Amino acid sequence: MDCHASLTMTVGSGFWRGKRVFLTGHTGFKGSWLSLWLQSLGAQVHGLALDPPTTPNLFTVAQVASGMASHTIGDIRDPATVQKAMQASQADIVIHMAAQPLVRLSYAEPVATYATNVMGTVHVLEAARSTPNVKAIVVVTTDKCYENKEWAWGYRENEPMGGHDPYSNSKGCAELVTAAYRNSFLQASGIAVASARAGNVIGGGDWAADRLVPDILRAFEQNQPVVIRNAHATRPWQHVLEPLSGYLSLAEHLYTDGQAFAEGWNFGPKDDDAQPVQWIVEHMVKGWGNEASWQQDGGTHPHEANYLKLDISKAKARLGWQPRWSLQQALQASVEWHQQWLVGANMKAFTMSQIAQYQ
Ligand SMILES: NC(=O)c1ccc[n+]([C@@H]2O[C@H](COP(=O)([O-])OP(=O)(O)OC[C@H]3O[C@@H](n4cnc5c(N)ncnc54)[C@H](O)[C@@H]3O)[C@@H](O)[C@H]2O)c1
């Protein structure tokens with residue numbers, strides 16, 4: 001079977017209709033996209049997260065809450081909050097995305113970053129042990145969980161965890177926590193838990209500070225030149241819907257086939273789409289038109305990885321997953337989304353239409 005057909009079959013097959021999904025981080029950028037996608041597939045989505053992390057934010061702009069079965073504003077650093085919300089949801093499937101996700105903020109707030117990303121993951125897995133229906137869990141980490149060797153090859157799932165800065169390192173720790181819970185408790189209870197490592201995502205509705213595409217769009221809007229920190233850094237960029245389709249496919253395999261899929265999985269772009277920052281900026285300058293321009297920031301900045309690529313052979317071979325949109329299509333979809341928002345379009349409908357187009 002070709003991979004394309006397989007993805008269509010898994011994500012669009014009716015599997016999600018009526019499934020109860022407990023989604024942490026549903027007020028965030030990726031969580032809002034995923035909540036909308038799950039809603040469109042007929043799932044009952046129950047969320048747990050803090051208030052949306054930015055103003056504006058996709059959660060509000062696309063009225064994400066209106067299609068959810070329930071949602072709780074609460075802190076995953078508090079085990080009782082997680083336990084109560086998950087048990088009330090009677091979830092079949094847990095997708096854990098809530099995190100402090102920014103490298104630069106993790107230098108300023110390392111303790112809070114570890115508390116959320118590591119102990120928060122412990123609390124989610126602990127709550128799953130005492131929630132009777134849970135059969136499958138996807139823990140979302142990042143490509144930065146690997147020990148970065150700054151080499152040209154893509155990282156494979158069996159390579160060592162690491163992480164130079166507190167964010168990357170906390171996600172490496174979350175991976176180790178996930179493996180320990182699998183081996184010590186969850187496997188024996190018949191719960192299949194996997195982790196998902198994806199790279200930098202782009203797409204409409206991201207207003208986070210210190211992220212390339214939101215920084216670029218903010219500058220364009222104000223007719224300012226974009227100031228770029230690290231023009232030569234290469235990352236595995238992809239549209240947000242790409243890893244989300246991977247998480248959905250993985251959750252379905254975990255639910256249906258259990259422990260055979262309970263391990264770490266990479267979801268990244270095609271090889272050609274691991275591009276330097278400069279390439280992205282130049283394409284966006286062209287796509288935006290007007291007088292858009294960019295310049296290099298000459299200041300010094302805390303360490304961030306320069307070269308990072310994922311090997312996605314395993315997800316292709318065993319999940320039948322593969323990226324669908326080129327980087328150019330992903331950038332175009334992001335710019336279009338932002339321009340629709342600027343003219344006051346109905347952003348729930350527009351976001352749903354991009355999901356339908358992707359499918
Ligand atoms: N955006 C990317 O490029 C990218 C890349 C790789 C991995 N990831 C991972 O994907 C996930 C989602 O990232 P995002 O870009 O949507 O981030 P985001 O900041 O937009 O959303 C984070 C979500 O986590 C919630 N949250 C944070 N701290 C919390 C706490 N203590 N208790 C409860 N909820 C809390 C926020 O309320 C929000 O809903 C994260 O796990 C992140 O590490 C993101």
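That block above? That's the structure.
What this report covers is the structure whose coordinates are included nearby. (Residues numbered from 1 in each chain as written. Predicted model: local features only at pLDDT ≥ 70, side-chain atom pairs only at ≥ 80, totals over all residues. Heavy atoms only, no water.)

Going through the model one piece at a time under the given rule, you end up with zero disulfides. The thiol sulfur of Cys 145 is not disulfide-bonded, and the nearest other cysteine sulfur, from Cys 173, lies at 11 Å. Residue classification places Cys 173 among the partly exposed residues on the basis of a relative accessible area of 24%. (Disulfide = S-S within 2.5 Å. Buried < 20%, exposed > 50% of the residue type's maximum accessible area, 1.4 Å probe, protein only.)

Moving on to the pairing of strand S1 (residues 20-24). Most of S1 sits out of view: four of its five residues are buried. With five bridges connecting them, S1 and strand S2 (residues 44-49) associate as parallel partners. Following the sheet pairing, Val 21 is matched in S2 by Val 45. Regarding the hand of the β-α-β motif, the stretch spanning S1, helix H2 (residues 29-40) and S2 is right-handed. Summarising the sheet, S1 and strand S4 (residues 93-96) pair through four bridges and their orientation is parallel. Of the residues in S4, the one forming a bridge with Thr 24 is His 96. (Helix = DSSP H or I, 4+ residues; strand = E, 2+ residues; numbered from the N terminus. Pairing = 2+ DSSP bridges. Right-handed = clockwise from strand over helix to strand, strands pointing away.)

This part covers the environment of Pro 214. Its place among the elements puts Pro 214 in helix H8 (residues 212-221). The class of Pro 214 is buried, set by a relative accessible area of 6%. With 97 residues separating them along the chain, Pro 214 and Asp 311 place their C-alpha atoms 26 Å apart.

Here seven strands make up an open sheet; going across it, the order is S3-S2-S1-S4-S5-S6-S11 and the pairing parallel. Edge strands, defined here as strands with exactly one partner in the open sheet, are strand S3 (70-73) and strand S11 (264-267). For this sheet the average axis-to-axis angle between neighbouring strands, irrespective of direction, equals 15 degrees. Bridge analysis of strand S5 (residues 136-140) against strand S6 (residues 192-198) gives five bridges, and the strand direction is parallel. Opposite Val 140, over in S6, you have Ala 196 as the bridge partner. (Axes fitted to C-alpha atoms, helices over the stretch in contact; angles between N-to-C directions.)

Counting residues in hydrophobic clusters, the biggest one holds 53 residues, and the most contacted among them are Trp 16, Trp 33, Leu 244, Tyr 247, Leu 250, Leu 254 and Phe 267. In terms of residue count, helix H9 (residues 241-257) provides more of this core than any other element does, seven residues in total. (Core = buried A, V, L, I, M, F, W, Y, C linked by side-chain atoms within 4.5 Å.)

What follows deals with the pattern of salt bridges. Taken as a whole and assessed by the stated rule, the structure comprises eight salt bridges. Between Glu 175 and Arg 197 there is a salt bridge, with its nearest N and O atoms 2.7 Å apart. Of the two residues, Glu 175 sits in helix H7 (residues 166-186) while Arg 197 sits in strand S6, which places them 22 residues apart along the sequence. Linked through salt bridges whose partners overlap, the residues forming this network are Glu 263, Lys 314 and Arg 318. (Salt bridge = Lys/Arg side-chain N within 4 Å of Asp/Glu carboxyl O.)

In the neighbourhood of the ligand, 28 residues make up the surrounding shell, with Thr 27, Phe 29, Lys 30, Tyr 167 and Lys 171 lying closest. The separation between a nitrogen atom of the ligand and a polar side-chain atom of Asp 75 is 2.9 Å. Within the backbone of Ile 76, a nitrogen or oxygen atom sits 2.9 Å from a nitrogen atom of the ligand. In the complex, the protein chains occlude 94% of the 820 Å² of accessible area that the ligand would expose alone. Contributions of two or more residues to the shell around the ligand are made by H2 and H7. Looking at the shell around the ligand residue by residue, the class counts come to 13 nonpolar, nine polar and six charged. (Near = heavy atom within 4 Å. Polar contact = N/O pair within 3.5 Å; in protein donor to acceptor, adjacent residues only side chain to side chain. Areas by Shrake-Rupley, 256 points an atom, 1.4 Å probe, with all protein chains shown as cover. Nonpolar A, V, L, I, M, F, W, Y, C, P; charged D, E, K, R; others polar.)

Further remarks concern the packing of aromatic side chains. Taken as a whole and assessed by the stated rule, the structure comprises 13 aromatic pairs. Arranged with centres 5.9 Å apart and planes meeting at 20 degrees, the rings of Phe 261 and Trp 265 form a pair that is stacked. Its relative accessible area of 0% is what places Trp 265 among the buried residues. Three or more aromatic residues link up through ring pairs in this structure, and these residues are Tyr 146, Trp 151, Trp 153 and Tyr 155. Positioned over the ring face of Trp 265 is Lys 314, at 4.3 Å from the centre of the ring. Over the face of the ring belonging to Tyr 358 we find Arg 324, whose NZ or CZ atom lies 5.4 Å from the ring centre. (Phe/Tyr/Trp six-rings, centres within 6.5 Å; stacked < 30°, edge-to-face > 60°. Lys NZ or Arg CZ within 6 Å of the ring centre and 35° of its normal.)

Let us look at unusual backbone geometry. Omega for the peptide link from Thr 55 to Pro 56 comes to -5 degrees, which places this bond in the cis form. Here Pro 56 shows up in the loop between S2 and helix H3 (58-61). If you check the backbone angles, Asn 223 has positive phi at about 55 degrees while not being a glycine. Tracing the chain through its elements places Asn 223 in the loop between H8 and strand S8 (226-228).

Attention now moves to helix H4 (residues 79-89). Of all the positions in H4, only Val 82, Ala 85, Met 86 and Ser 89 are classed as buried. Viewed along the axis of H4, the buried residues span an arc of 95 degrees, placing them on a single side of the element. Turned more than 90 degrees away from the buried face of H4 sit Ala 80, Lys 84 and Ala 88, all of them exposed. Residues of H4 that are buried make contact with S1, S2, S3, S4 and helix H6 (110-129). Looking at the residues trailing H4, positive phi occurs at Gln 90, about 50 degrees. (Arc of directions from axis to C-beta. Contact = heavy atoms within 4.5 Å.)

Before going further, it helps to spend a moment on H2. End to end, H2 covers 17 Å across twelve residues, agreeing with the expected 16 Å (1.5 Å per residue, within 8%). Buried residues dominate H2, accounting for eleven of its twelve residues. Among the residues making up H2, those that are buried are Phe 29, Lys 30, Gly 31, Ser 32, Trp 33, Leu 34, Ser 35, Leu 36, Trp 37, Leu 38 and Gln 39. One or two steps after H2, the chain reaches Gly 42, where phi turns positive at roughly 90 degrees. (Expected span 1.5 Å × (residues − 1).)

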